[in-house]
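Tertiary structure, described
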Amino acid sequence: MSAVLRLATLDQRHFQLHSTVLRQLAEHLQGLDALCRTLGVTPLSQFVDLTALEFQEAAQLLKDTTPPQQDPETGLPWSIEDMAWYPISTGMTTLEALSGHLQRNRPREVSGANQRQLLEALMFCESCLRPMEAEGAQFHLAAGY
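This text gives an overview of the structure that appears in the document.

Moving on, we get to the layout of surface pockets. Roughly 200 Å³ of internal volume is contained in the largest pocket. If you trace the largest pocket, you find 17 residues lining it, with L17, A52, W78, A143 and G144 closest to the centre. Counting residues per element, the ones that place at least two in the lining of the largest pocket are β1 (4-11), β2 (14-21), α3 (51-61) and β5 (138-144). A class-by-class count of the residues in the lining of the largest pocket yields 11 nonpolar, four polar and two charged.

Of note, Q24 is situated in helix α1 (residues 23-27). With near-sequence residues (within four places) excluded, Q24 lies in contact with A113, N114, Q117 and L118.

Across all of its chains, the model carries zero disulfides by this definition. Sulfur of C36: no disulfide; nearest cysteine sulfur belongs to C125 and is 12 Å away. Free cysteine C125: the closest other cysteine sulfur is in C128, separated by 6.9 Å. Judged by its relative accessible area of 1%, C125 falls in the buried class.

Once that is clear, we can look at the nonpolar core. Across soluble globular proteins, you tend to see nonpolar side chains buried next to one another. By size, the foremost hydrophobic cluster in this structure holds 32 residues, and its most contacted members are L7, L22, L25, L44 and L141. Among the elements of the structure, β1, α2 (29-39), α4 (88-104), α5 (115-133) and β5 are those that each provide at least two residues to this core. With eight residues, α5 is the largest single contributor of residues to this core. Non-local contacts of L25, meaning those with residues more than four positions away in its chain, are made with L5, L32, L44, L118, A121, L122 and C125. If you look at the next biggest cluster of nonpolar residues, it comprises eight residues, including A8, L76, I80 and M83.

Turning next to the pairing of β5. Summarising burial for β5: six of the seven residues are buried, a large majority. Where β1 meets β5, seven bridges bridge the pair, whose relative direction is antiparallel. Within the sheet, the bridge partner assigned to L5 lies in β5 and is A143. The pairing of strand β3 (residues 48-49) with β5 spans two bridges and is classified as parallel. Looking across to β5, one finds that V48 is bridged to L141. Bridge count for strand β4 (residues 86-87) against β5 is two bridges, and the pairing is antiparallel. Within β5, the position partnered with P87 by the bridge is Q138.

The rules behind each value
Residues numbered from 1 in each chain as written. Predicted model: local features only at pLDDT ≥ 70, side-chain atom pairs only at ≥ 80, totals over all residues. Heavy atoms only, no water. 1 Å grid on protein atoms, 1.4 Å probe; cavity = no way out; pocket = protein on both sides within 12 Å on 5 of 7 lines; lining within 4 Å. Points joined across faces, edges and corners; volume = space filled by probe spheres on them. Helix = DSSP H or I, 4+ residues; strand = E, 2+ residues; numbered from the N terminus. Nonpolar A, V, L, I, M, F, W, Y, C, P; charged D, E, K, R; others polar. Contact = heavy atoms within 4.5 Å. Disulfide = S-S within 2.5 Å. Buried < 20%, exposed > 50% of the residue type's maximum accessible area, 1.4 Å probe, protein only. Core = buried A, V, L, I, M, F, W, Y, C linked by side-chain atoms within 4.5 Å. Pairing = 2+ DSSP bridges.

In structure tokens form, the structure reads like this:
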């Protein structure tokens, strides 16, 4: 089972985990990171939060079968403070650089990717984050299964 990414946002104490699975970003994360280094922006993988994977691994190691208690703010077994958060402004720089480059080029770093789907995933993130950028909100790409 391969990991997937989903966009998570935090504005004040309002948490949202978007339901859209960003499969292309997860599958081509290494190539996108290489492209980010070429473009001189923060690698996309720097915005990935592993809390869900770590929680699942811990439960498996402990062989814990009891259903976890849900945090009232997140609806997840972990809280806002358990997750890593990044300024939307920093993420937008990376997302805009990647999508702009992919619209004009077919880079070898992501040669196996469906370029249209990759652009759609990046543009989805941009469209969700752009209205929140001026508010000083935060985000991450939540890794999970």
